[in-house]
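# Analysis of the macromolecular model
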Amino acid sequence: MKRTTLATTSAAALAATLLAATACGGGDTTNSDAATARGPIKVWYSNNEQEVAWGKQMVAAWNSAHPKEKVTAQQIPEGKSSEEVIGAAITAGNAPCLIFNTAPAAVPQFQKQGGLVPLDDFDGATDYIEERTGDRAEQYRSPDGKYYQLPWKSNPVMIFYNKEIFAKAGIDADDPPLQTYDEFLQTARTIVKSGAADYAIWPSPTAEFFQPWFDFYPLFAAETGGEQLVEDGEATFASDEGKQVAAFWKSLYDEKLASQETYNGDSFGEGKAAMAIVGPWAIASYKDSIDWGVAPVPTSGGTSPEDTYTFADAKNVAMYSACKNRGTAWDLLKFATAEEQDGKLLEMTGQMPMRSDLSEVYPDYFAAHEEYATFAAQADRTVEVPNVANSIEIWQAFRDAYSRSVIFGKQPVDAELDQVATKIDGLAGQS
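This structure is a prediction, so every number in the text was calculated from the model and none was measured.

In this section: the environment of glutamate 416. Looking at the element boundaries, glutamate 416 is found in helix α18 (residues 413–428). Taking the C-alpha atoms as reference points, glutamate 416 and tyrosine 402, 14 residues apart in sequence, are found 7.8 Å from one another. Sequence-distant contacts of glutamate 416, that is, excluding residues within four places in its chain, are made with Ala401, Arg404, Ser405 and Gln411.

Pasting the structure below:
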């Protein structure tokens, strides 16, 4: 699954030039005029095949009912990353009205650029967001108290495991011991010692800022009962719980149960690793090739599944400030995230709309697709990246420290976490 990074200034300038012909209005309309204006708009959505299909039918349904407010849609233009392309479009003043693939980690930067419209400007928007999303909505509120993104869909990550490999290693594939750190480590040792797989688990050891979302962060969310990496302007991960999580991962690397090498392929899909930390998107990817099972991420003492938190891996919808016809954009945003379209998103992509009590809203779907029900239950207990200034820099600083100490063992873990926590406290306090 492709992950993304933010633009450098030079790359953003280049992409802005390439995007100069793309427009959703110019800069000559006042915000007060734009907030109620209606008319044609442009939107972007992900280049994921299933999401493209969902986007096309959603736009067609809207256009059929609103011929005077026609929506033109396209996939996000190609670039090094979607964040790079979006940042460049903001700089050029030609971003579309809505982007259905806005990464929460990038929102603080886009907001700082002046590229986002606070959704609270629209009547009833705050109530709509909070009623649809429930308690999780608060994680997506910006420090100024406003919502610059609508929580849209999540891919709550869990432990995917290969039942054939587990059985080959002599482990109960229907109820494997994975709930505690000790159980997980012993299972991992058994797998590797048996030769059933080269490694028990193989998260990417590379240095990109987003990699902690698929090793450290899900387990930290579970161990702490739902804490974010930064809360109230201060780093949280140098706590006893954070150090326990780091120590667990260090044991996996020290014992060669996880690899320090980058794998140029799909280590889980190719049977090189017995487990992976993934979201429900993996069901469609592996259903025809792997007999898989799923379990919550482990905790030190073993938390019951119904109380276990994990990382949300969400993508959201934001409105961009170049938009002239914001009245139409807000109406489309509500249309695209109402119960009917959320149901189609679930059916067509297998990703989880960010709705309270998701399983109860779509009982027929989950009755017919039991393999997704576990992820739907997990979706109610997710943690997002903190919505703070310098978000990307914070994650990069953490990843660098984690790599030095946990993955490659070049520095003592506890001291390294303490040191980077101090650095992140400073970054989180900057505007």
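Further remarks concern the state of the cysteines. Under the criterion given, the structure shown has one disulfide. Note that cysteine 97 is cross-linked by a disulfide to cysteine 323, the S-S spacing being 2.0 Å. Measuring the twist about the S-S bond at about 85 degrees, one finds the cysteine 97-cysteine 323 disulfide to be right-handed. Of the two residues, cysteine 97 sits in the loop between α4 (82–92) and β3 (98–102) while cysteine 323 sits in the loop between β12 (315–319) and α12 (326–336), which places them 226 residues apart along the sequence. Cysteine 323 shares its class with cysteine 97; the two are buried.

Once that is clear, we can look at the sheet that holds strand β9 (residues 273–278). Here we have four strands laid out as an open sheet, ordered β6-β9-β5-β10, and mixed in their pairing. Among the strands making up the open sheet, the edge pair consists of β6 (199–201) and β10 (292–295). Looking at each pair of strands side by side, their axes are set apart by 25 degrees on average, direction ignored. Both β6 and β9 contribute to a ladder of two bridges, which runs parallel. Within β9, the position partnered with tyrosine 199 by the bridge is alanine 273. Along the sheet, helix α8 (residues 181–194) contacts β5 (158–162), β6 and β9; its crossing angle with β6, the most-contacted strand, is approximately 145 degrees. Across the sheet, helix α16 (residues 370–378) lies against β5, β9 and β10, angled at about 155 degrees from β5, the strand it touches most.

The rules we used
Residues numbered from 1 in each chain as written. Predicted model: local features only at pLDDT ≥ 70, side-chain atom pairs only at ≥ 80, totals over all residues. Heavy atoms only, no water. Helix = DSSP H or I, 4+ residues; strand = E, 2+ residues; numbered from the N terminus. Contact = heavy atoms within 4.5 Å. Disulfide = S-S within 2.5 Å. Buried < 20%, exposed > 50% of the residue type's maximum accessible area, 1.4 Å probe, protein only. Pairing = 2+ DSSP bridges. Axes fitted to C-alpha atoms, helices over the stretch in contact; angles between N-to-C directions.

Spatial relationships are all this shows, so hold off on functional conclusions.
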